[in-house]
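Spelled out, the chains give:
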Amino acid sequence: MLCFPVALYTQQNGYSEGIVFFTSLFAIAPFAERLSFVTEQLALHTSEALGGLLNATFGNVTELIVSFFALRAGLLRIVQVSLLGSILSNLLLVLGCAFFAGGIRHKHQHFNSHGSAVNVGLLMLSVMSLLFPMLLESSHQVLAEGAVLAVSRSVSCLLLILYACYIYFQMHTHAHLYEAGDEERGLTKSVEGEEDGEDEENEEEAVLGVAGAIIWLTVITVVIALLSEYMVDALEGAAEGWGVPDLFLGTIIIPIVGNAAEHAAAIIFAVKNKMELAIGIAVGSSIQIALFCVPVLVLSAWFLDTPLSLNFQPFETGVLLVTIILVGFTILNGESSWLIGVMLVVAYCSLSAAFFVHVDPPEVLERYVIAG
């Protein structure tokens, strides 16, 4: 949090945009972690279902805030690639590091394969929703004006309905699919009893009341919003000054820092052999971004009369499709090992190298930047 006053100082005193971007970016990370902590504290005072919903809602609030300021600034491609980057970071880097760290400690780790199948299906449906507008625009020489936007906005409404169904499915009708069991993880009853005791102790360690948690949520959200505005305003200048594509900063750098808290939590749970929680952090967060954050921003852009669509362009959509296929193959059997973790991390490093040299063609820049 020491970077927060530094970020304020650099922004107010006319430092270079590269320095403002750097300090703002790293100042966001600890506040994102505190936001997650306060949300968990608030969840302790609610029912299990409502607590899960609160964690899901506030889990990606940093990405939503950053994307909103980019949307307001007309940086439509940054909105798209920052959300895409969060999904890629969670599915490959966060999940890969969790599998590796857990696999070093435990030879084999297990989790619910039925819940994983549902998650993979939702992720595949989300990438289908991006494929349709992209293929529609790429395969037709002449389209009615606003056709891709109309499809994107319609599909976004459907995705929000699906996300509501997913929350109900996960929290109420099929909650057992997302809970760790003895047979799945090979634990003895005595170990389960010890973990239940630990859970009870954790539940008693609520250090914030409801009012205090709400106040801190408000304060932290305001701070993140301020830092996000600084970061987005300085992004293009920082990319030019550092000699890297702005798409690389939006897709790789911002999501890595923004997901730092989730990254650490997933690794800790995996080392403790709590794989359902680790999977829930990595894969569940990706599902929320794809089914909730993306549609909300598309509809928000519609309200602001801004042409943000679900056409993320062929390269980005292709990368997401291959990523989901790879992750699907690795989690469908409900078992992980350290080698699978290495595979996912190598995949993330590979796509990072590709994004380091990836730039949009002029026609895409004209459509998404000038129009914004």
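Residues numbered from 1 in each chain as written. Predicted model: local features only at pLDDT ≥ 70, side-chain atom pairs only at ≥ 80, totals over all residues. Heavy atoms only, no water.

### Topic: unusual backbone geometry
Its identity as a non-glycine residue notwithstanding, N273 has a phi of 65°, on the positive side. Within the secondary structure, N273 is located in the loop between α12 (260-271) and α13 (275-303). Classification of N273 as buried rests on a relative accessible area of 9%. (Helix = DSSP H or I, 4+ residues; strand = E, 2+ residues; numbered from the N terminus. Buried < 20%, exposed > 50% of the residue type's maximum accessible area, 1.4 Å probe, protein only.)

### With respect to helix α4 (residues 61-72)
With twelve residues, α4 ought to run about 16 Å at 1.5 Å a step, and its terminal C-alpha atoms sit 16 Å apart, in line with that. The element α4 is largely enclosed, with a buried count of ten among its twelve residues. Those residues of α4 not exposed but buried are V61, T62, E63, L64, I65, V66, S67, F69, A70 and L71. Taken from the residues just after α4, G74 is the one with a positive phi, measuring 80°. (Expected span 1.5 Å × (residues − 1).)

### So, the packing of aromatic side chains
All told, the structure shown has ten aromatic pairs when counted by the stated rule. Ring centres of Y9 and Y15 lie 5.8 Å apart, and the angle between their planes is 55°; this geometry places the pair in the tilted category. The class of Y9 is partly exposed, set by a relative accessible area of 46%. For Y15, a relative accessible area of 39% gives the class partly exposed. (Phe/Tyr/Trp six-rings, centres within 6.5 Å; stacked < 30°, edge-to-face > 60°.)

### Overview of empty space enclosed by the protein
Scanning all chains against the criterion turns up three cavities of 30 Å³ or more. Its volume calculated, the largest cavity comes out at about 100 Å³. Residue lining of the largest cavity: L25, I28, T62, E63, V66, S67, S82, S86, M231, I254, P255 and G258, and that is the complete set. Looking at the lining of the largest cavity, the elements with two or more residues in it are α2 (17-43), α4, α5 (76-105) and α11 (246-258). For the lining of the largest cavity, the residue count by class is six nonpolar, five polar and one charged. Space inside the second largest cavity adds up to approximately 70 Å³. L83, L84, I87, S126, S129, L130, L159, A290, V294, L310, F312 and L320 are the residues that line the second largest cavity. Going through the elements one at a time, α5, α6 (113-139) and α13 are the ones with two or more residues in the lining of the second largest cavity. Tallied by class, the residues present in the lining of the second largest cavity amount to ten nonpolar, two polar and no charged. (1 Å grid on protein atoms, 1.4 Å probe; cavity = no way out; pocket = protein on both sides within 12 Å on 5 of 7 lines; lining within 4 Å. Points joined across faces, edges and corners; volume = space filled by probe spheres on them. Nonpolar A, V, L, I, M, F, W, Y, C, P; charged D, E, K, R; others polar.)

### Remarks on the packing of α6 against helix α7 (residues 147-173)
Between two packed helices, what matters for the description is the angle formed by their axes and the separation of those axes. Two elements in contact, α6 and α7, have axes whose closest approach is 10 Å; the angle formed by their N-to-C orientations is 175°. As the angle between them shows, α6 and α7 are arranged roughly antiparallel. Taken together, the residues of α7 that come into contact with α6 (itself represented by V118, N119, L122, L125, S129, P133, L136 and E137) are V148, V151, S152, V155, L159, L162, Y166 and F169. Looking at the contact of α6 with α7, its residues break down into twelve nonpolar, three polar and one charged. (Axes fitted to C-alpha atoms, helices over the stretch in contact; angles between N-to-C directions. Parallel < 35°, antiparallel > 145°, perpendicular 65-115°, else oblique. Contact = heavy atoms within 4.5 Å.)

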